[in-house]
Amino acid sequence: REERLGPGAVVLRNLARDRAAAILAAIDPVLAAAPLRRMITPGGSPMSVRMSNCGALGWTSDRRGYRYVERDPLDGRAWPPMPDLVREIGRDAAARAGFPGFEADACLINCYEPGARMSLHQDRDERDFGAPIVSVSLGLPAVFLFGGPVRKDKPLAIPLRHGDVIVWGGPARLHFHGVRPLQDGEHPLTGHFRYNLTLRKAG
Ligand code: MD3
Ligand code: FE
């Protein structure tokens, strides 16, 4: 039930499975208040993944760059609060992976439709790379690409399924990673979509 992908990267298969319906229900009002949207890269292209956030800080992208902000750029209001259940799964997963005391202040919500993908990138907009990132996969499965510290490192392809949780910390924290284009399918809880929540200590 607990695999290590490499130093700092721990896969907790099915950790969120029992809580998945409750997590999706908790995210529902978040997405009603802060709707999913395709953010624009600094290069000017809309991303294929639709995103929103909850928590004190939310990740955003536009022509000015990538950053965390306290307010939803669409309406200037604070991001919706992070549901307790979401905060708790972050704490629980991080502790199991050897990061006790992890308290997320940001949760990025990614929604993939068939064909949506995420190209290889590093997550480096957070203040403290000593804190891990916890990711929770919900709905349709995806192939995650886990690379190395430099872009040219050949990535490992890892299937991520409904309920899987991964903790990325230590040396894995700055590794390149991405997601292959989502294959169409039907999931009883999410239909044609995959959701990925990433819990972060951004500030
Ligand atoms: C490895 N999301 O939001 S989650 C992202 O499935 C992102 O939506 C992907 O990459 C998704 O930035 C992958 C797994 C993940 C998240 C953060 C990481 C893997 C990571 C940070 C460092 C290394
Ligand atoms: Fe990432």
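Quantities reported herein were computed from a predicted structural model and do not represent experimental measurements.

(A) Fine view of the sheet that holds strand E10 (residues 156-160). The sheet built from 4 strands is open, its strands ordered E7-E12-E9-E10 with antiparallel pairing. Strands at the two margins of the open sheet, each flanked by one partner only, are strand E7 (118-121) and E10. Here the average twist between neighbouring strands, direction ignored, is 20°. The pairing of E7 with strand E12 (residues 177-179) spans 2 bridges and is antiparallel. Residue pairing in the sheet places Met118 in a bridge with Val179 of E12.

(B) Looking closely at helix H1 (residues 20-33). With 14 residues, H1 ought to run about 20 Å at 1.5 Å a step, and its terminal C-alpha atoms sit 21 Å apart, in line with that. Looking at the buried side of H1, the elements it contacts are strand E3 (50-54), helix H2 (84-96), strand E6 (106-112) and strand E8 (133-139).

(C) Region of interest: H2. Taking 1.5 Å as the rise per residue, H2 with 13 residues should run 18 Å; its terminal C-alpha atoms sit 18 Å apart, in good agreement. Buried within H2 we find Val86, Ile89, Gly90, Ala93 and Ala94. Along the axis of H2, the buried residues cluster in a sector spanning 125°; they form a single face. Lining the buried residues of H2 we find strand E2 (9-12), H1, E6, E8, strand E11 (165-168) and strand E13 (194-200). Two residues or fewer past H2, Gly98 is found with a positive phi of approximately 100°.

(D) Spotlight on the UniProt feature "binding site: 2-oxoglutarate" (unreviewed entry) in the chain. UniProt marks Asn110, Cys111, Tyr112, Arg194, Tyr195, Asn196, Leu197, Thr198, Leu199 and Arg200 with the feature "binding site: 2-oxoglutarate" (unreviewed entry), using the numbering shown here. Within the fold, Leu197 resides in strand E13. The contacts of Leu197, once residues within four sequence positions are left out, are Val86, Cys107, Ile109, Ser135 and Val136. In this fold, Arg200 is placed in strand E13. Its 26 C-beta neighbours within 10 Å are what place Arg200 among the buried residues. Among residues more than four places away in sequence, those in contact with Arg200 are Ala104, Ala106, Leu108, Glu126 and Ile133.

Thresholds applied
Residues numbered from 1 in each chain as written. Chains lettered and ligands numbered in written order. Predicted model: local features only at pLDDT ≥ 70, side-chain atom pairs only at ≥ 80, totals over all residues. Pairing = 2+ DSSP bridges. Helix = DSSP H or I, 4+ residues; strand = E, 2+ residues; numbered from the N terminus. Axes fitted to C-alpha atoms, helices over the stretch in contact; angles between N-to-C directions. Expected span 1.5 Å × (residues − 1). Contact = placed C-beta atoms within 7 Å. Buried ≥ 20, exposed ≤ 12 C-beta atoms within 10 Å, placed from the backbone. Arc of directions from axis to C-beta. UniProt positions renumbered as here; feature names shortened; annotations may be inferred.

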